[in-house]
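A structural walkthrough
One-letter residues, chain by chain:
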Amino acid sequence: MDVAAKKHALRLVPYGLYLAGSRHADGHTAVSLVSWFTQTSFEPCLVVLGMHREGEAFKGVQETGVLAVNLLGSAQKDFVKPFFKHVAVVDGKAGPLSVTHGAATGCPLLPDLPASLELKVKQVLELGEHATVVFEVVEAHVHDKDLAALDHKTAGLHYAG
């Protein structure tokens, strides 16, 4: 395989940037940056997320079976960098962002961002360094309906290939 061609082609795929709110068995919550996310079914409403198997968010998913995905707005790229490593939720904040906890999952929701989805695990495939996790959407929250979503190109980043 032409590795350079593979990398180039995969970087042409539009990827969004999201902040995953995780809840852990011991009760602590955290927020981490994730990227590879898409819807795969209407009924039931299913989404898939590629999750680094060593990441804080995946550890939370393994412990509790739930996650929240918070969608960043196109003008919110400054929120990306602080979350390259997980950020613990302390006193109702994750870094600079206010946090509430979802009624369906108890996971961190970020009302300063356009929208949040509360998810429950349906299946986990651990085939590579990133696990492929299929979730059912159990609740949705719109915080600002006028904001467009942030993607890799807008943020000046790439994580693929």
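Further up the page is the structure itself.
Residues numbered from 1 in each chain as written. Predicted model: local features only at pLDDT ≥ 70, side-chain atom pairs only at ≥ 80, totals over all residues. Heavy atoms only, no water.

**Some details on the sheet that holds strand 11 (residues 115-125)**
Hydrogen bonds between backbone atoms are what pair the strands of a sheet, whose relative direction is either parallel or antiparallel. The sheet built from eight strands is open, its strands ordered 3-4-12-11-5-1-2-6 with antiparallel pairing. With partners counted over all chains shown, the strands left at the sheet margins are strand 3 (37-41) and strand 6 (87-88), one partner each. Inspection of the sheet shows strand 3 paired to strand 4 (residues 46-52) by four bridges, in the antiparallel sense. From the neighbouring strand, Thr38 faces strand 4, where its bridge partner is Val48. In this fold helix 2 (residues 56-64) packs onto strand 1 (18-23), strand 2 (29-34), strand 4, strand 5 (66-71), strand 11 and strand 12 (130-142), with an angle of close to 40° to the strand it touches most, strand 1. (Pairing = 2+ DSSP bridges. Helix = DSSP H or I, 4+ residues; strand = E, 2+ residues; numbered from the N terminus. Contact = heavy atoms within 4.5 Å. Axes fitted to C-alpha atoms, helices over the stretch in contact; angles between N-to-C directions.)

**What to know about the packing of aromatic side chains**
Inspection of the entire model under this criterion finds two aromatic pairs. Look at Tyr15 and Trp36: their rings are 6.5 Å apart centre to centre, the planes differ by 50°, and that puts the pair in the tilted class. Of the two residues, Tyr15 is situated in the loop between helix 1 (3-12) and strand 1 and Trp36 in the loop between strand 2 and strand 3; the sequence distance between them amounts to 21 residues. Where Tyr18 meets Phe37, the ring centres are 5.1 Å apart and the plane angle is 65°; that geometry is what we call edge-to-face. (Phe/Tyr/Trp six-rings, centres within 6.5 Å; stacked < 30°, edge-to-face > 60°.)

**Section: the pattern of salt bridges**
Evaluation of the coordinates by the stated rule reveals two salt bridges. The partner of Glu126 in a salt bridge is Arg53, and the shortest N-O contact between them spans 3.1 Å. Residue Glu126 is located in the loop between strand 11 and strand 12, and its partner Arg53 is located in the loop between strand 4 and helix 2; the two are separated by 73 residues in the primary sequence. Judged by its relative accessible area of 40%, Glu126 falls in the partly exposed class. Between Lys122 and Glu136 there is a salt bridge whose closest N-O contact spans 3.5 Å. Separated by 14 residues along the polypeptide, Lys122 in strand 11 and Glu136 in strand 12 bring together distant segments of the chain. (Salt bridge = Lys/Arg side-chain N within 4 Å of Asp/Glu carboxyl O. Buried < 20%, exposed > 50% of the residue type's maximum accessible area, 1.4 Å probe, protein only.)

**Some remarks on the pairing of strand 1**
Among the six residues of strand 1, five are classified as buried, and the element is accordingly described as predominantly covered. Sheet topology places strand 1 next to strand 2; six bridges connect them, and they run antiparallel. Within the sheet, the bridge partner assigned to Gly21 lies in strand 2 and is Val31. Counting the residues that bridge the hairpin from strand 1 to strand 2 gives five residues, and of these Gly27 lies at a positive phi of roughly 100°. The sheet contact formed by strand 1 and strand 5 spans four bridges and is antiparallel. Bridge pairing in strand 5 links Ala20 to Val69.

**Let's talk about the layout of surface pockets**
Here the largest pocket defines a volume of roughly 560 Å³. Surrounding the largest pocket, 24 residues form its lining, Leu33, Val34, His52, Phe84 and Tyr159 being those nearest its centre. The leading source of residues in the lining of the largest pocket is helix 2, at four residues. Here the residues of the lining of the largest pocket are counted per class, giving 11 nonpolar, nine polar and four charged. (1 Å grid on protein atoms, 1.4 Å probe; cavity = no way out; pocket = protein on both sides within 12 Å on 5 of 7 lines; lining within 4 Å. Points joined across faces, edges and corners; volume = space filled by probe spheres on them. Nonpolar A, V, L, I, M, F, W, Y, C, P; charged D, E, K, R; others polar.)

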